[in-house]
Structure formats: structure tokens, C-alpha cells
Amino acid sequence: MGSDWKMSVTVRIVQSSDTNQHIFAAFKRGSQGFGLGFGMNSDGDPFVEVDESSLSPVYTLTGAGSSYNNYDLLYNAANNTASLWVNGVDEINNITGIQTPSSPILYWGMGQPRATTFQANWNSISLETVPEPSTSWLILLGSGVLFYVRRKVRR
């Protein structure tokens, strides 16, 4: 729970009959909860709202229409905040989750629509821990030293 992590969602919003988000993906990590709410605006463009957060900014994919899009929520354990990346572009930063007393859980789906129609096609959802940069550098450095030592011994 004290590690960096990434929640990735690839979804296509097919139909959302109002501008309130009822399609969601969220991760509660025990003491903090982070969520993304998805919908479609009146122009037919998908949007994502940073839900379950101290912030509630909305990012609209203008001109995207009903297409598959990738949303990554990257959590940084060092400062207890997350960043939202949409289709590989950093869009919203310094997201702090809400306090939650629940056990760790990853969940997604649709909320209770009020007699309106919603449809989303889920391609994938995943949650993974992200190694610390220092760990990656140690592995690379160790591999380089091992290669150098092996090469020197062969001569």
C-alpha cells in the first residue's frame, strides 16, 4: 500500500444520455480512494472526471466522439497524489484522494442511472505497482557492472 501504482482504463463511451457521469473505475487503497467517472457531453465527446478526490476537474476529449481512449491514473506514494494521463498525455496533476475506511479494492462499472440510458464498452482495466526509479536504476547499474566484470575477466 505504500508503493507507487498505476490504474489503467481503456474504455469507449457509447451512450450517455446526460452530462452526469455514471460510468466509473476506482481504486480504494485502504485509507485513500481515487476514482474516474466517465460520460459523454451533448456534442458526443467523452469526458473523464476525477471522482473521489479533493479535486473534481473534468477533462473533455474534444472531437474524439465515441472512440476507445486510455486513461492512466498514476499515484506517487512520496507525495500522496496522483496524475491523470489521457491517451499518453499528462492532463491533471496533484490529485489527492478522499479518505476512506474501506479495505483495498479495485472496482468499475455503472452507477444507478435515473431511467436514462448508458453504455460503455470496456476494453481493459488494470492495476499495477510501479517500481521506484531508484530500483530501476539499481537494476540497470548492476547489469552494467556485471557485464563489465565478465568482459574484463574474459580478456
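What you see is a predicted model, and the numbers here were worked out from it, not measured in a lab.

What counts and what doesn't
Residues numbered from 1 in each chain as written. Predicted model: local features only at pLDDT ≥ 70, side-chain atom pairs only at ≥ 80, totals over all residues. Heavy atoms only, no water. Helix = DSSP H or I, 4+ residues; strand = E, 2+ residues; numbered from the N terminus. Buried < 20%, exposed > 50% of the residue type's maximum accessible area, 1.4 Å probe, protein only. Contact = heavy atoms within 4.5 Å. Pairing = 2+ DSSP bridges. Axes fitted to C-alpha atoms, helices over the stretch in contact; angles between N-to-C directions. Phe/Tyr/Trp six-rings, centres within 6.5 Å; stacked < 30°, edge-to-face > 60°. Core = buried A, V, L, I, M, F, W, Y, C linked by side-chain atoms within 4.5 Å.

> Any chance you could explain the overall build of the chain here in plain terms?
For the chain, the count of helices and strands is 1 helix and 11 strands. In the chain, the succession of helices and strands from N to C terminus is β-β-β-β-β-β-β-β-β-β-β-α. Looking at the chain residue by residue over its 155 residues, the buried ones come to 36%. Counting only contacts in the chain whose residues sit at least 6 apart along the sequence, the fraction spanning at least 24 positions is 61%.

> Teacher, can you tell me more about the sheet that holds strand β11 (residues 118-130) here?
Within a sheet, each strand pairs with its neighbour through backbone hydrogen bonds, oriented either parallel or antiparallel. With respect to topology, 5 strands assemble into an open sheet ordered β8-β7-β6-β1-β11, the strand pairing being antiparallel. Every other strand in the sheet has two partners, leaving β8 (89-95) and β11 as the edge strands with one partner each. With direction set aside, neighbouring strand axes in the sheet form an average angle of 20 degrees. Bridge count between strand β7 (residues 81-86) and β8: 4 bridges; the pairing is antiparallel. Bridge pairing in β8 links Ala82 to Ile95.

> I'm lost on the environment of Pro101 in this one. Help?
Inspection of the secondary structure assignment puts Pro101 in the loop between β9 (98-99) and β10 (105-110). Put simply, Pro101 and Gly33 are 68 residues apart on the chain and 9.1 Å apart in space, counted from C-alpha to C-alpha.

> Which parts of the structure should I look at to understand the packing of aromatic side chains?
Each aromatic ring pair is described using two quantities: the centre-to-centre distance and the angle formed by the ring planes. One pass over the structure, following the stated rule, counts 7 aromatic pairs. An angle of 15 degrees between the planes, with centres 5.2 Å apart, marks the rings of Trp5 and Tyr75 as stacked. Of this pair, Trp5 sits in strand β1 (residues 4-16) while Tyr75 sits in strand β6 (residues 68-76); the two residues are 70 residues apart in sequence, bridging distant segments of the chain. Tyr75 carries the same exposure label as Trp5, and that label is buried. Members of the aromatic cluster, each reached through a chain of ring pairs, are Trp5, Phe27, Phe34 and Tyr75.

> Can you walk me through the nonpolar core in this structure?
Generally speaking, nonpolar side chains in soluble globular proteins are found buried as a group. Met7, Leu36, Phe38, Tyr71, Leu73, Leu84 and Ile95 are the most contacted members of the largest nonpolar core, which totals 24 residues. Breaking this core down by element, the ones donating at least two residues are β1, β2 (23-28), β3 (32-40), β4 (46-51), β6, β7 and β8. Of all the elements, β1 adds the most residues to this core, at 5 residues.

> Any chance you could explain the side chain of Asp4 here in plain terms?
Within the secondary structure layout, Asp4 lies in strand β1. Take Asp4: its relative accessible area is 18%, and that puts it in the buried class. If near-sequence neighbours (up to four positions away) are discounted, Asp4 is found in contact with Tyr75, Asn76, Ala77, Ala78, Glu128, Thr129 and Val130.

Purely spatial values, then, with no claim about function.
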